[in-house]
Amino acid sequence: MRAMIGLILIIVFVWITMLAGLVLIFASLPLLISTLSVSIGRTLESVVVTGMALIMVAVWLFIWKELAFNYFSRSLARRQIHKSD
Amino acid sequence: MLGWILSAICALIVSFAVTFLLVPIVSRFMRRHSIVGADVHKPDRPLIPEMCGVAVVLGVTVSTLIVWLFHTQYVVRIAVFVVATVVAAIVGALDRLTKIGPRLKPVLIALGAAPILILAVYVPYPSFPFIGGTRLTIIYPILIPIALAVTANSVNMLDVFNGSMSGTCSVAVSAIIICMFIRGSVEAASLAAGLLGGLLAFHLYNRHPARVFAGDVGSLYVGAAIGVLAILGRVEVATVTAMMPQVMNAFYGLAAVGRLYERKEISTRPVKMLSDGRLEANTDSRAPITLARMILAGGPLREYEITRHMVSLSVVSATLAVITQLLTV
């Protein structure tokens with residue numbers, strides 16, 4: 001039961017951060033486009049915007065992975081202690 | 001709207017009936033030709049017919065004919081759905097018979113995106129929650145082949161326990177249908193209803209104790225079908241949310257191993273069987289971290305209990321998917 005609650009919390013966390021990330025990316029786009037298109041042109045602008053979005057997704061995946069792996073390690077360690085008791 | 005609801009119900013019933021009738025026939029054929037695999041999570045490791053997902057492929061494809069009969073003007077979109085998904089099924093069959101390998105498989109599945117791109121049945125203006133419509137004319141077509149490969153492989157990687165693939169995908173597809181009706185993508189909802197019918201019929205045979213296995217044919221087909229439906233129905237974010245357990249499982253496995261892998265390549269299994277038939281998380285650090293191993297971190301469980309937990313997680317994701325669609329302007 002405890003493992004399931006933990007997994008549900010991870011799913012909810014991932015969902016909230018995914019929505020927050022999407023809002024952040026698309027809210028910052030108009031500002032970025034208006035700033036960049038003047039100085040670097042539309043093609044480079046697309047590359048820069050895509051690059052930034054990819055970096056944000058990579059950071060998000062890293063946080064997601066670390067959270068889940070740490071949770072798993074702790075759950076397993078708790079179980080090992082239970083077993084040895 | 002009533003016509004679409006009627007066609008969706010007909011597609012669901014036809015797909016369910018065809019799949020239900022075909023599974024025993026396909027199963028006998030596979031057993032006769034020794035296309036069987038050991039059910040490794042049972043103490044006596046019984047041999048179960050593989051590649052029975054062919055019945056789902058046929059059942060769903062027949063149901064698309066029903067949708068076409070109701071709405072002939074959507075013939076291109078229906079044909080694209082059939083071609084793109086059958087490509088994934090063929091890749092699955094080839095992998096079972098010739099061993100394509102974990103790196104080439106996603107590339108071949110991505111080829112299924114060709115009809116979507118060539119016939120331009122996608123709309124590169126996806127809607128996101130709180131933001132509304134966006135314009136992704138350059139990125140969107142690039143993401144389509146990736147989306148197909150990701151969804152197909154994610155579903156394939158969760159097809160590890162009796163009923164886990166059919167159970168979790170049935171819940172996800174149900175949520176996707178609701179999201180499509182909210183979005184107004186009724187033609188895609190009818191096609192999705194056909195997929196749901198096939199999955200439900202197959203689940204009756206695949207649930208614990210399994211009498212048939214879907215094989216890569218079935219799991220890659222179902223995954224690719226979900227990916228294509230997300231694009232046709234314009235419910236991309238809701239689909240990602242509904243498929244959270246599948247995506248989590250695939251991502252954790254890839255992150256732990258560090259590359260694309262086949263289950264057979266992994267020498268240290270993520271779960272091990274106890275003498276009483278229950279399954280336990282492997283404590284060996286070399287074992288990949290999978291969703292099953294995370295569920296089992298809390299203690300040993302029977303196989304059907306793990307599947308039940310996976311389906312429960314799918315229900316949570318499905319609920320979040322519907323909320324996501326409601327939040328989408």
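In case you missed it, the structure is sitting above this.
Caption draft 1: Seen up close, the overall build of chain B. For chain B, the helix and strand inventory stands at 13 helices and six strands. Taking 2.2 N^0.38 as the reference for a compact globule, 329 residues should give roughly 20 Å; the C-alpha atoms of chain B span a radius of gyration of 19 Å, in line with that estimate. Counting every position in chain B, which comprises 329 residues, the buried fraction comes to 56%.

Caption draft 2: Molecular detail of the interface of chain B and chain A. Across the contact, 25 residues belong to chain B and 22 residues belong to chain A. For the side of chain B that touches chain A, the elements supplying multiple residues, two or more each, are helix H11 (244-257), helix H12 (291-296) and helix H13 (303-327) of chain B. Here the side of chain B that touches chain A takes six residues from H13(B), the largest share from any one element. Class assignment of the residues belonging to the side of chain B that touches chain A gives a composition of 17 nonpolar, eight polar and no charged.

Caption draft 3: Quick look at the environment of Ile13(B). All names here are of chain B. Tracing the backbone shows Ile13 in helix H1 (residues 2-32). A tally of 15 C-beta atoms within 10 Å means that Ile13 is categorised as partly exposed. Between the alpha carbons of Ile13 and Ala113 there is a distance of 28 Å; along the sequence they are 100 residues apart.

Caption draft 4: Seen up close, the environment of Ile289(B). With respect to the helices and strands, the residue Ile289(B) is situated in the loop between strand S6 (279-281) and H12. Along the backbone, Ile289(B) and Phe70(B) are 219 residues apart, and their C-alpha atoms lie at a distance of 46 Å. Not counting chain neighbours up to four residues away, the residues in contact with Ile289(B) comprise Phe69(A), Phe72(A), Tyr252(B), Ala256(B) and Met294(B).

Caption draft 5: Geometry of the packing of helix H3 (residues 75-98) of chain B against helix H9 (residues 215-233) of chain B. Residue and element names in this part refer to chain B. Contact geometry of H3 with H9 gives a least axis separation of 7 Å together with a crossing angle of 155 degrees. Looking at the two axes, H3 sits roughly antiparallel to H9. Taken as a pair, H3 and H9 cross one another with a handedness that is right-handed. Here Arg77, Phe81, Ala84, Thr85, Ala88, Ala89, Val91, Gly92, Ala93, Asp95 and Arg96 of H3 lie close against H9, whose contacting residues are Gly215, Asp216, Val217, Leu220, Tyr221, Ala224, Ala225, Val228 and Leu232. Residue classes in the contact of H3 with H9 are distributed as 13 nonpolar, three polar and four charged.

Each value, and the rule that gives it
- Positions within a chain are numbered from 1, following the residues in the order the chain's sequence is written.
- Ligands are numbered from 1 and chains lettered from A, in the order in which they are written.
- pLDDT decides what is reported in this predicted model: residues at 70 or higher carry local features, side-chain atom pairs at 80 or more are listed and counted, and totals for whole chains, interfaces and linings draw on all residues regardless.
- The helix count covers DSSP runs of H or I at least four residues long, the strand count covers runs of E at least two residues long, and both are numbered beginning at the N terminus.
- Two things to know: the radius of gyration comes from C-alpha atoms, and the globule rule equals 2.2 Å times the number of residues to the power 0.38.
- Residue burial here comes from a neighbour count, namely the number of other C-beta atoms, placed from the backbone, that lie within 10 Å of the residue's own C-beta, with 20 or more meaning buried, 12 or fewer meaning exposed, and in between meaning partly exposed.
- Note on contacts: each residue gets a C-beta atom placed from the backbone, and two residues are in contact if those atoms are within 7 Å.
- Note that Gly is not counted as nonpolar here; it falls among the polar residues with everything else outside the nonpolar set of Ala, Val, Leu, Ile, Met, Phe, Trp, Tyr, Cys and Pro and the charged set of Asp, Glu, Lys and Arg.
- Helix axes use the C-alpha atoms of the stretch in contact, all axes being lines fitted to C-alpha atoms, and the angles between their N-to-C directions lie in the range 0 to 180 degrees.
- For classification purposes, an angle smaller than 35 degrees is called roughly parallel, one larger than 145 roughly antiparallel, one from 65 to 115 roughly perpendicular, and anything else oblique.
- Crossing handedness is read from the near helix: turned anticlockwise from the far helix by less than a right angle, it gives a left-handed crossing, and turned clockwise, a right-handed one.

Function cannot be read off these values alone, since they describe shape.
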